[in-house]
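Given next are the chains, with one letter for each unit.
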Amino acid sequence: MTTRVRLAVFSSGLVLVAALLVDGVSNLPPFGRYAGPYGDIVARLVEPQRHMANAVTAVVFDYRGFDTMGEELILFAAASAVALLLREMRDHDTSDLVEGIRSDALRGVGALAAIVTFVLALQVVAHGFITPGGGFQGGVVLSAAFALVFLTNEYRAYNRLASSSFAEPVEALGAGGYVFLGLLALALGFGFLENFLPFGVTGRLRSGGSAAIVNWSSALAVSGGFALIFSEYLQENVAVRHGRVGK
Amino acid sequence: MTILPYLLAVWIFLVGLVGIVTSRNLIHLTVCVSICQSATYILLLAIGYKSHGTAPVFADIPTSRKVVDPVVQSLTLTDIVVAVAVSALLLALALKVFEAEGSLDPAEIAELKG
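Residues numbered from 1 in each chain as written. Chains lettered and ligands numbered in written order. Predicted model: local features only at pLDDT ≥ 70, side-chain atom pairs only at ≥ 80, totals over all residues.

### Let's talk about the overall build of chain B
- Counting its secondary structure elements, chain B contains 3 helices and 0 strands.
- Its C-alpha atoms put chain B at 60 × 30 × 15 Å along the principal axes.
- For chain B, the residues scored as buried account for 28% of the 114 residues in total.
- Looking at chain B alone, contacts between residues at least 24 apart form 54% of all its contacts between residues at least 6 apart. (Helix = DSSP H or I, 4+ residues; strand = E, 2+ residues; numbered from the N terminus. Buried ≥ 20, exposed ≤ 12 C-beta atoms within 10 Å, placed from the backbone. Contact = placed C-beta atoms within 7 Å.)

This is the structure in structure tokens:
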């Protein structure tokens, strides 16, 4: 199919899409006048019913925890597929390659930044039900701490830290733990992923009930998944630059 | 204008779509897919917005305060994380294609010719 034919097919399809878009947009509620009711109900109930201050995290890990499990498993599948595809391309071990940053100043600042980022990530996850944050956001920040180790220190240090000892077991623990918590609720006579622990006091670190554990397991799954993706791409990149590619 | 945010979402979606159709590079294609996806974030957040509503976090505001819809915000937040993972997967596929065919141009790759 030539480019011209493809564009012709595309523009005829575009007419249909345009009609659907005009129809859809003209039937949306005017901007700023959200019609509800689900969001309004959640916002009104979240504090009295669940003792959580952050309604967004409450929806993610409690009210709609089941949907988040689906998202979690998409992330798990995507990270595993990246590892599968890239590992199949490499038949050389790259763990012995030395790729270091030689500037002491950069190494020192980098190590400090990694530690600060790590603590910040734990903070964001832990306060997920109180202030903006939670397992997803904190998990991404946590994996950024590992990326900083690579960027400012050493490839081997990153490999030791993230690749074998962190990424795979933590991702598996996070994704598996999420499903396990759902089944545990079932076994205890609650609904799947229903919040089965006491809700605690709003605004305290120990609030959120069992959804707080779901929050932590999702932080593990997200950070493990991203650390795995990073380390697969880094190994690929290092292997190419050292000429260790091909069969 | 009360539909401007929706039009922004439509515009971003269409720009991404045109990019996908005319793309001559699989990495460029992956970026276009992410652009299409970012239109959904704007659409979701625009639908849930209430005039003069604040963030649905009641740590330091009374529960009687008018807030925007928390449900669409949760959808957007999980959407962003998953979109990044999917982009990573698409880029890994592009790497595989380059390894097998020596090119990233869909027009030059026999099995991707439409």
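What follows continues from the structure just given.
### Describing the nonpolar core
- In terms of nonpolar packing, the biggest core is built from 85 residues, with Ala79(A) and Val82(A) touching the most fellow members.
- In contact with Val82(A), other than residues within four places in its own chain, are Ile229(A), Glu232(A), Ala88(B), Leu89(B) and Ala92(B). (Core = buried A, V, L, I, M, F, W, Y, C linked by C-beta atoms within 7 Å.)

### Observations concerning the packing of helix 5 (residues 104–126) of chain A against helix 6 (residues 135–152) of chain A
All names here are of chain A.
- Their axes nearest at 8 Å, the elements helix 5 and helix 6 cross at an angle of 170°. Relative to helix 6, the element helix 5 is oriented roughly antiparallel. For the pair helix 5 and helix 6, contact is made by Leu106, Arg107, Val109, Gly110, Ala113, Ala114, Thr117, Phe118, Leu120, Ala121, Val124 and Val125 and by Gly135, Gln137, Gly138, Val141, Leu142, Ala144, Ala145, Leu148, Val149, Leu151 and Thr152, respectively.
- Taken together, the residues that form the contact of helix 5 with helix 6 break down as 16 nonpolar, 6 polar and 1 charged. (Axes fitted to C-alpha atoms, helices over the stretch in contact; angles between N-to-C directions. Parallel < 35°, antiparallel > 145°, perpendicular 65-115°, else oblique. Nonpolar A, V, L, I, M, F, W, Y, C, P; charged D, E, K, R; others polar.)

### Some details on the interface of chain B and chain A
- At the junction of the two partners, chain B supplies 40 residues and chain A supplies 43 residues.
- Counting only elements with at least two residues in the side of chain B that touches chain A, the list comes to helix 1 (4–22), helix 2 (26–48) and helix 3 (70–101) of chain B.
- For the side of chain B that touches chain A, the leading source of residues is helix 3 of chain B, giving 17 residues.
- Grouping the constituent residues of the side of chain B that touches chain A by class yields 27 nonpolar, 8 polar and 5 charged.

### Some thoughts on helix 5 of chain A
All names here are of chain A.
- Relative to the 33 Å expected for 23 residues at 1.5 Å per residue, helix 5 spans 33 Å between its end C-alpha atoms, a close match to the ideal helical length.
- Taken residue by residue, helix 5 has Ala114, Ala121, Val124 and Val125 as its buried positions.
- Along its buried surface, helix 5 packs onto helix 6 and helix 8 (210–241). (Expected span 1.5 Å × (residues − 1).)

### Quick word on the confidence of the model for chain B
Residue and element names in this part refer to chain B.
- Of all residues in chain B, 97% attain a pLDDT of 70 or more, and the chain-wide mean is 89.
- Mean pLDDT values for the elements of chain B range from 90 in helix 3 up to 93 in helix 2.
- Among the prediction metrics, the complex's ipTM stands at 0.87, with pTM recorded as 0.87. (pLDDT = per-residue confidence, 0-100.)

### Observations regarding helix 2 of chain B
- Between its first and last C-alpha, helix 2 of chain B extends 34 Å over 23 residues, near the 33 Å set by a 1.5 Å rise per residue.
- Taken residue by residue, helix 2 of chain B has Leu26(B), Thr30(B), Cys32(B), Leu43(B), Leu44(B), Ala46(B), Ile47(B) and Gly48(B) as its buried positions.

### Looking at the packing of helix 1 (residues 3–26) of chain A against helix 1 of chain B
- Contact pair helix 1 of chain A / helix 1 of chain B: the axes reach a minimum separation of 12 Å and the direction vectors enclose 165°. The angle between helix 1 of chain A and helix 1 of chain B places the two elements in the roughly antiparallel class. With respect to the hand of their crossing, helix 1 of chain A and helix 1 of chain B are arranged in right-handed fashion. Each of Arg6(A), Phe10(A), Leu21(A) and Val25(A) in helix 1 of chain A lies in contact with helix 1 of chain B, whose residues at this interface are Tyr6(B), Val10(B) and Val21(B). (Left-handed = near helix turned anticlockwise from the far one by under 90°.)

### Structural notes on the environment of Thr117(A)
All names here are of chain A.
- On the secondary structure map, Thr117 appears in helix 5.
- Judged by local crowding, Thr117 falls into the partly exposed class, with 18 C-beta atoms found within 10 Å.
- Distance from Thr117 to Gln137, taken between C-alpha atoms, is 12 Å for residues 20 residues apart in sequence.

### Observations concerning the environment of Ile130(A)
- Take Ile130(A): it is sitting in the loop between helix 5 and helix 6.
- In this structure Ile130(A) comes out as buried when scored by C-beta crowding, with 21 C-beta atoms within 10 Å.

### Observations concerning unusual backbone geometry
- Positive phi, normally seen in glycine, also occurs at Leu193(A), with a value near 65°.
- Structurally, Leu193(A) is set in the loop between helix 7 (155–187) and helix 8.
- Looking at Leu193(A), the number of C-beta atoms within 10 Å reads 25, which means it is buried.
- Even without being a glycine, His52(B) presents a positive backbone phi close to 65°.
- On the secondary structure map, His52(B) appears in the loop between helix 2 and helix 3.
- According to the C-beta neighbour criterion, His52(B) is exposed, with 8 such atoms within 10 Å.

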